[in-house]
Amino acid sequence: MSLVDDLRSEFHAALAGATSPAAARALRDQFLSRKQGKVTALLKAVGAAPADERRVLGAAANALKQDIEAALDAREAELAAGAPPPGAVDVTLPGRLAAPGRRHPLTQVRERIEDIFLGMGYQIIDGPELEDDWHNFEALNMPPEHPARDMQDTLYLAAPVPPMSAGRPATLLRTHTSGMQIRYMEAHKPPVRIIAPGRVYRRDNFDATHTPMFTQVEGLVVDEGISLGDLKGTLNTFASQFFGREIRTRFRPSFFPYTEPSAELDVECQGCDGTGCGLCKQTGWIEILGCGMVHPAVFEAVGYDPAVYTGFAFGVGIERLALRLYGVDDIRMFYENDLRFLGQVPL
Amino acid sequence: MKAPLTWMREFAPLPDDAAAVASRLGACGFEVASVDGDVIDFEITANRPDCLSVYGLAREAATAFDVALTSGDTSLPDPQGKASIPVSIGDAGCARYAMAVASVTIGPSPEWLAARLAAAGVRPINNIVDITNYVMLEVGHPMHAFDLAKLGGPEIRVRRARDKEALVTLDGVRRTLDDTMLVIADRERAVAVAGVMGGAGSEVSAATTKVAFESAWFLPASVRSASRRLGLKTEASARFERGADISAPARALRRALQLLTQTGAGEVTGGISDVYPRPAAARTVELSRARLARLLGDTVPDTHVERILVHLGFAVRGAAGGWSVDVPTFRVDVAREADLIEEVGRHWGFDRIPATFPALSAVPRPMSPAIARDRKLRRILTGAGLQEACTFTFIEREAAEPFAADANTLVPIANPLSEKFAVLRPSLLPGLVDALVYSRRRETADVRIFESGAVFSSAGETTSVGWLLTGARLSHWSGDASPADFFDARGIADLVSAAFGVTVSARAATRPWFVPGRTAEIALGDDVLGVVGEIVPALLAARGLPAGPPVVGGELALAPLVREDAGAPRRSTPLPRFPSIVRDLSFFIGERLPAAEVRGTIRSNAPPTLVSVREFDRYQGKGVPDGMISLSVRLTFRDNDRTLTDVEVQRSVDAILAALAARHGAILRGKTE
């Protein structure tokens, strides 16, 4: 009897490994083939067994044969059920698509800012990158020899070039996008509610935190009765929408020649939620923009009556926000265009 | 401005807590760079030269903490008598010149004085120079001391420098002056650049026994101009060019004389000479209560308005609807009402002002066409699998020159940061080439990038879009990874044009930066919008690109595209109601004949029912006669009013073939349905 039991054990051990139709077929041959099947051989051996054992042994061998047949049938049916239909493909292989292109991270931040202000009813304007002295400085309450010109170390053209549209020849690379706002006010009466995005240039160092070229979004609102409170409400809304949650802010008095009063806006540090960390030099605050109430001299320069109109203006540096948003610590990465970096920003 | 708190506390009973003082002043507009023990380092904005002084900062702190500021000058000496040497002012660049002579014994300063200077970041030199520096830090008014023995005359003449007049300044540099610069001179020669730096020839030395103390007021523009022309910035010039206090010279001088006695460094001889021909008129600015509330968006109680302004040194009188405010001479930044509103606002506290939202009083205008254009471009091109790049507007001359039609049209920057940023880009391609090289050298084989932005020539600024492609168009396990070629670059030009609703044509052209034979001009009618082609490999190698598949690209001017796109939304055409008939033709034709010309011949010999001509195969090689190609085109015929018959279409096809044979020697290969 142990012969039968051994053979059954051997079969079941082999069955476990028979996971393909070919392996099941080989197993069937191995045990049941008419010529060399192991069970066939056993059945043949039954005739040679002593007469008193023959009946029991015969019954056991037949039972084994039926068990094996049933087990193989079941396995083959199981394997047949799992077989792929004709023309099946390996769906786990990668799909076919052209590698997607992405907007540059600075564009993404810029459009994110633009969209927030679009939602608040602002018009987006554009203007030339080469400016004349009037639009970049004088109309902004920075006459020649004004010490505030030192705040924006300017890159000048070796020779003037014709302006983009009619006007004075361009002599310098704009140090801010405020020139566009002057142009807009020269051409339109209040109310004004605009943002002016674009590249700006300063003769600044080129290191992990400075580039001689960067991107700004400036905003300007002019109407009767615009107040510093309106500036606060607008920029608080902007900060919360930009960072995607209610965020604490503070307005610190500062100085810009074209605004009076002037302020800088700090938001609570994203790195530590305002508790103090290396990112915010333990202050809990990160400065994100400069702003203020439009200086009456600017209104006079564009022919608005400062007794009637008030307004606020602000300027956001996009790179600085992008550093925070993407967790980048070197501003130069935005201008290297390493596709391994650009490919990480959202589509 | 490094201000030791103990020094500030000599003038106001401030809390003995540097962090608290720093924090409170930080909220009033004085950003704090650092607090180091007792010393607070304030960043003083350009409009507040009065706070480039311990006393000025004490005044602000006294206002912020609402404590009394003590006047420093009650016990100052006021020596009477005739000044020992004559002073004459010969130029309007100097509005006041105060001077006193003292006999001195040169030596080191007492320890307490030297320690204060050091804490404020000024190196002690000797007792006399240290006194002038101490007064500058405390009062904010720069002073100078001359060795009287070295002054010709001795006398002081304030005048313009003579052209090319030479002066060795205290830093040992020999400077050539010009007649725009104001100098202090003795009888013969310049002994100091006014408000900037003294001369080495009259420097106080160990051998000095008599000094002349100068405490003057110079015109900001004059000092600024001289400082800039000489490339020389000093503590003195920084204060004068922002605007010193015209009331300060005599007081600063008296403070110096007090210190002279206190420290035992010397004694004044004679009186103070104070030449001040036209004393400055007092300035009064009206402040309206209503406009204060309107600009801040908050009502500050009258008592606070008056408290703040008085603390800050203004004289305040009630007036109809507000106040008449006399501006002290040290507040050179306060000229009009808004300036006073800022003073009230920052000490009232910006954080107390309630946040509101401005009412929308007009419907916003649509965004500028250029902004809408750029957004559309990005949408279309990123959708086509191109990555947006952002490259510098100014580049190296070597990178720019190969892409400029003429090197003379490049726009150089007068004062570039470095040679890497020397000229404005004449094209977007050089920047994109460098970006492509950067990525190719960092394990990225396939690059598809674009940028839109300003480009420059001596004719001015325009905007364009540029793109570069290299490597596999599509990288997939199933096979085809053929590299991008000319037609991929051309395809982007077609895509951009289509995005702006125009159909452009291409014609063979040459550009120095593109491979001859694989360069095309893209035109809209007769206007050339730009070029596409394959970049010259040597040019890429010069920028460091390792060998590899071709780099193709293009650039289009955007202004004409936007002009075309500016019209009304395009209307759709009704879908055809009758079936079309398609005929495919394959023929041998000369290899140099442009496809556009073949298309033109077909169109000009076809009836209006020919609605489309499209090439679908081009082959050269086995089975094609030498000098010829096999070109296959698909012709689609349709009539909007009826179903065409095979017979009439065949007539049209025959006519076309006859024309192709007659004009171009085309040989029909066979006809397939």
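Residues numbered from 1 in each chain as written. Chains lettered and ligands numbered in written order. Predicted model: local features only at pLDDT ≥ 70, side-chain atom pairs only at ≥ 80, totals over all residues.

Asks: An account of the packing of helix α5 (residues 105-119) of chain A against helix α8 (residues 228-243) of chain A is needed here, citing residue identities and associated values.
Replies: Residue and element names in this part refer to chain A. The interhelical angle for the contact between α5 and α8, taken along N-to-C directions, is 130°, at an axis separation of 10 Å. Taken together, the axes of α5 and α8 are oblique relative to one another. Helix-helix and strand crossings are classified by hand; for α5 and α8 the assignment is right-handed. Contacts from R112, I113 and I116 in α5 reach F238, Q241 and F242 in α8. Across the contact of α5 with α8, the residue classes break down as four nonpolar, one polar and one charged. (Axes fitted to C-alpha atoms, helices over the stretch in contact; angles between N-to-C directions. Helix = DSSP H or I, 4+ residues; strand = E, 2+ residues; numbered from the N terminus. Parallel < 35°, antiparallel > 145°, perpendicular 65-115°, else oblique. Left-handed = near helix turned anticlockwise from the far one by under 90°. Contact = placed C-beta atoms within 7 Å. Nonpolar A, V, L, I, M, F, W, Y, C, P; charged D, E, K, R; others polar.)

Asks: Please set out the pairing of strand β6 (residues 144-147) of chain B residue by residue, giving values where relevant.
Replies: Residues and elements named next belong to chain B. In β6, alternate side chains face the same way, and those of H144 and F146 on one face and A145 and D147 on the other are all buried. As judged from the four bridges shared by β6 and strand β13 (residues 210-218), these two strands associate in the antiparallel manner. Within β13, the residue paired with F146 across the bridge is A212. (Buried ≥ 20, exposed ≤ 12 C-beta atoms within 10 Å, placed from the backbone. Pairing = 2+ DSSP bridges.)

Asks: I'd like a description of the sheet that holds strand β19 (residues 394-395) of chain B, backed by residues and values.
Replies: All names here are of chain B. Spatial ordering of the open sheet is given by β19-β21-β20, a layout of three strands whose pairing is antiparallel. Each edge of the sheet is formed by a strand with only one pairing partner; in this case those strands are β19 and β20 (411-412). Strand direction decides the pairing type here: β19 and strand β21 (residues 423-424), joined by two bridges, are antiparallel. Directly across from F394, in β21, lies its bridge partner L424.

Asks: Describe the pairing of strand β4 (residues 170-173) of chain A, listing the residues and the values that go with them.
Replies: Residues and elements named next belong to chain A. Relative to β4, strand β2 (residues 130-131) runs antiparallel, the two being bridged by two bridges. Bridged to L130 within β4 is L173. Note: strand β3 (residues 156-161) against β4, two bridges, orientation antiparallel. The residue bridging Y156 from the neighbouring strand is L172, located in β4.

Asks: Requested: an account of the interface of chain A and chain B, with residues and values cited.
Replies: Each partner contributes to the interface: chain A provides 73 residues, whereas chain B provides 78 residues. At seven residues, the largest contribution of residues to the side of chain A that touches chain B is made by α8 of chain A. Class assignment for the residues of the side of chain A that touches chain B results in 40 nonpolar, 15 polar and 18 charged.

Asks: Run through the domain arrangement of chain B, naming residues and quoting values.
Replies: By a frequent convention, interface size equals the accessible area lost on bringing the separate parts together. Parsing chain B into structural domains produces domain 1 (2-65), domain 2 (87-275), domain 3 (283-351), domain 4 (369-565) and domain 5 (581-672). When each unit is reduced to the centre of its C-alpha atoms, the spacing between domain 2 of chain B and domain 4 of chain B is 59 Å. (Domains from an automatic or database assignment.)

Asks: Quick one: what's the story with the sheet that holds strand β23 (residues 460-470) of chain B, residue by residue and with numbers?
Replies: All names here are of chain B. Pairing is mixed across the open sheet formed by seven strands, whose spatial order is β18-β22-β23-β27-β26-β25-β24. The outermost strands of the open sheet, each flanked by one partner alone, are β18 (387-388) and β24 (505-508). Note that β18 and strand β22 (residues 447-457) share two bridges and pair parallel. Within β22, the residue paired with E388 across the bridge is F450. Sheet strands touched by helix α14 (residues 429-440): β22, β23, β26 (527-535) and β27 (551-557). Its angle to β22, the strand with the most contacts, is close to 150°.

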